[in-house]
Amino acid sequence: MRNTQFTQISRSFVVNIPDASVWRARAQEIRPEGRAFIDGNYVGALSGRTFATVNPATGQVIAQVAECGEEDVNLAVASARKAFESGVWSRRAPAERKAVMLRFAQLMMEHREELALLESLDVGKPVANAYNGDIVSSATCIQWYGEAIDKLYGETAPAAPDMTTMIVREPLGVVAAVVPWNYPLSMASWKLGPALAAGNSVVLKPAEQSPLSAIRIAALAMEAGLPAGVLNVLPGYGETAGRALGLHMDVDAVGFTGSTAVGKLFMQYSGQSNIKRVGLECGGKSPHIVLDDCADLDAAARAVAAGIFGNSGQVCNAGSRLIVQAAVRDELLEKVAAIARELVPGDPLDPATKMGAIVSDVQHASIMSYIDAGRADGARVVAGGRAARPESGGYFIEPTVFDGVNNDMRIAREEIFGPVLSAITVDSPEEAVRVANDTIYGLAAAVWTSNVTRAQQVSRQLKAGVVWVNCFDRGTMSSPFGGFKQSGFGRDKSMHAFDKYMDWKAIWIAG
Ligand code: NAD
């Protein structure tokens, strides 16, 4: 789900971008919208309450944002329901809905600089990654689902000569999209694309750490022609706004991306309310296996490093466990450590920066406590291991590599969600698979080998929703993304994502 995943589709959009002085000047000037978007209008929370969103690269407040609560959720859901039942979107001709979605995607691209700046300021990610990765991939996602609208066929079933049976797909109604902060616009788009294309109305709740881009695109969607009420955006805290959406009796489905712990809460909310459909994209502890017949250790080392240090390791499918066969361990680890030492965290507004900030002080403290735990458990730091750029006022951490890890240590079992690689040495491909699968998670996995039979066998044995062979983190909109085990269920991206936002209806016509 990282930026590299979109390289195939976004390559043509990678262009020279403004230099650091331009971004810094724009950062001074920008006054982001912080209000909620309900029923086609920007409005404050009914309580009048706001919270601050902070730039993690400087520790400074960017904007005050509406703190929506249950009463705002009720308004947004009522607006979404009214829009849905009116048919203004849900029953509109596919070609017309398609045109609106394509225009929406186009507007996102036209506002690419503004959205990239918001994304970089809000989560501390390198502006070049936001500009060439997140924004392009988000617009591509909306475009892809717009184009899919008139390719969603139903079925007919064999029946007696005096019967016609049609099996049609129908939108569910009101969908709540609850998303995390690591790729705010991409994760929102992965929900909005299929949910809106299917004809639903959506209430989007961005993470409290990163609400700005979601708030901004609501106006772009309206400008593109999306009717009022079809997309509402509610910034607010998980325990209040998120919970109220999960428990709401008139929300038909939740598309959730976030931690496994909160994913479990959404299943409980569903059971406590109206058995709303729940789709979960949760956490991971992905194994990145390098076997001793790997043909290109340099390529593997680059992929291992990119797979854990990209987006400062704040990636659900980060290859956080390097499972390496003993014969190639020393050479591979030296190459990975060398890349880590050269990767210096920097100012996200400088397009030359490859590694940005950690999203918040809380997340920074959590990652540092895992680094302490790794040391205390006897693992050895071979690169990084310290906080970085303290003079910036922001939250940065050096790319960190631990050797001598065993799979029972906390740094091997728990999702750190930071730039921390845990290297585990194994003696055979069989042991590699056993260790790889010894986790509660099953989001993604990778294996490097030059033996095609082994590649085939290992990729089938790995318990993960996505497996890469001799590569890492590749993907396009056409291919599904999602997890096994406690990484969740249901799929984002591809035509399979429609399953989360549509139902099948069988219609029998006599005569
Ligand atoms: P999180 O679970 O804390 O929050 C995700 C969303 O849930 C936010 O909008 C938050 O406000 C809301 N939320 C939090 N507590 C809630 C509650 N009690 N009730 C209702 N809603 C609540 O996750 P995060 O810290 O924002 O993101 C990091 C997590 O997301 C990691 O575990 C990561 O692996 C996961 N993630 C998964 C994928 C994927 O596709 N599988 C992609 C990105 C991130």
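The structure this text deals with has already been given above.
Since the model is a prediction, treat every value here as computed from it, not as a measurement.

Participant: Lay out the site of the ligand in plain terms, naming residues and giving numbers.
Facilitator: Near the ligand you find 30 residues, and of these V179, E208, S259, Y269 and E415 are the closest. S259 has a polar side-chain atom sitting 2.6 Å from an oxygen atom of the ligand. In this structure, a nitrogen atom belonging to the ligand sits 2.8 Å away from a main-chain N or O atom of C282. Across the complex, the protein chains shield 91% of the 840 Å² of accessible surface that the ligand would expose by itself. Of all the secondary-structure elements, those providing two or more residues to the shell around the ligand are α9 (238-247), β10 (253-257) and α10 (260-272). Ranked by residue count, the leading element in the shell around the ligand is α10, at four residues. Taken together, the residues of the shell around the ligand break down into 18 nonpolar, seven polar and five charged. Of the domains in this structure, domain 1 (4-282 + 488-507) and domain 2 (287-476) are the two that each give at least three residues to the shell around the ligand.

Participant: Describe helix α7 (residues 184-197), with residues and values.
Facilitator: The terminal C-alpha atoms of α7, which comprises 14 residues, lie 20 Å apart, in line with the 20 Å expected from a rise of 1.5 Å per residue. Just downstream of α7 lies G199, where phi reads positive at about 105 degrees.

Participant: Quick rundown of the sheet that holds strand β6 (residues 163-171)? Include the residues and the values.
Facilitator: What the three strands build is an open sheet, ordered β5-β6-β24; its pairing is antiparallel. One side of each edge strand has no neighbouring strand; the edge strands of this open sheet are β5 (155-156) and β24 (502-510). The sheet contact formed by β6 and β24 spans nine bridges and is antiparallel. Among the inter-strand pairings, V168 is bridged to a residue of β24, identified as K505.

Participant: Requested: an account of the packing of helix α5 (residues 112-123) against helix α6 (residues 127-148), with residues and values cited.
Facilitator: α6 packs onto α5 with a crossing angle of 115 degrees between their chain directions and a minimal axis gap of 8 Å. Between α5 and α6 the crossing geometry is right-handed. Where α5 approaches α6, its residues R112, E113, L115, A116, E119 and S120 are matched on the opposing element by V127, A130, Y131, N132, D134, I135 and V136.

Participant: Report on the pairing of strand β3 (residues 50-55), specifying residues and quantitative values.
Facilitator: By the alternation rule, side chains of β3 split into F51, T53 and N55, which are all buried, and T50, A52 and V54, of which none is buried. Looking at chain direction, β3 and strand β4 (residues 60-66) are connected through six bridges and run antiparallel. Across the sheet, residue T53 finds its bridge partner in β4, namely A63.

Participant: A description of the nonpolar core should follow, citing residues and the corresponding values.
Facilitator: Ranked by internal contacts, the top residues of the largest apolar core, which has 101 residues, are M108, L204, V290, L322 and L332. In terms of residue count, α6 provides more of this core than any other element does, 10 residues in total. Beyond its immediate stretch of four places on either side in the chain, L332 contacts V290, L297, A300, A301, L322 and V324. A412, V420, V435 and V447 belong to the second-largest nonpolar core, a separate cluster that totals 29 residues.

Participant: Describe the pattern of salt bridges, naming the residues involved and giving the relevant values.
Facilitator: On inspection of all chains with the given rule, the structure shows 32 salt bridges. Of the charged contacts, one joins K191 and D492 as a salt bridge, the two residues approaching to 3.0 Å between their closest N and O atoms. One end of the pair, K191, is in helix α7; the other, D492, is in the loop between β23 (488-489) and β24, and 301 residues separate them in sequence. Each of the two residues, K191 as well as D492, counts as buried. For the salt bridge of R277 with D503, the shortest nitrogen-to-oxygen distance reads 2.3 Å. Here D503 lies in strand β24 and R277 lies in strand β11 (residues 277-281), a separation of 226 residues in the sequence.

What counts, and where the lines are drawn
- Residues numbered from 1 in each chain as written.
- Predicted model: local features only at pLDDT ≥ 70, side-chain atom pairs only at ≥ 80, totals over all residues.
- Heavy atoms only, no water.
- Near = heavy atom within 4 Å.
- Polar contact = N/O pair within 3.5 Å; in protein donor to acceptor, adjacent residues only side chain to side chain.
- Areas by Shrake-Rupley, 256 points an atom, 1.4 Å probe, with all protein chains shown as cover.
- Helix = DSSP H or I, 4+ residues; strand = E, 2+ residues; numbered from the N terminus.
- Nonpolar A, V, L, I, M, F, W, Y, C, P; charged D, E, K, R; others polar.
- Domains from an automatic or database assignment.
- Expected span 1.5 Å × (residues − 1).
- Pairing = 2+ DSSP bridges.
- Axes fitted to C-alpha atoms, helices over the stretch in contact; angles between N-to-C directions.
- Left-handed = near helix turned anticlockwise from the far one by under 90°.
- Contact = heavy atoms within 4.5 Å.
- Buried < 20%, exposed > 50% of the residue type's maximum accessible area, 1.4 Å probe, protein only.
- Core = buried A, V, L, I, M, F, W, Y, C linked by side-chain atoms within 4.5 Å.
- Salt bridge = Lys/Arg side-chain N within 4 Å of Asp/Glu carboxyl O.

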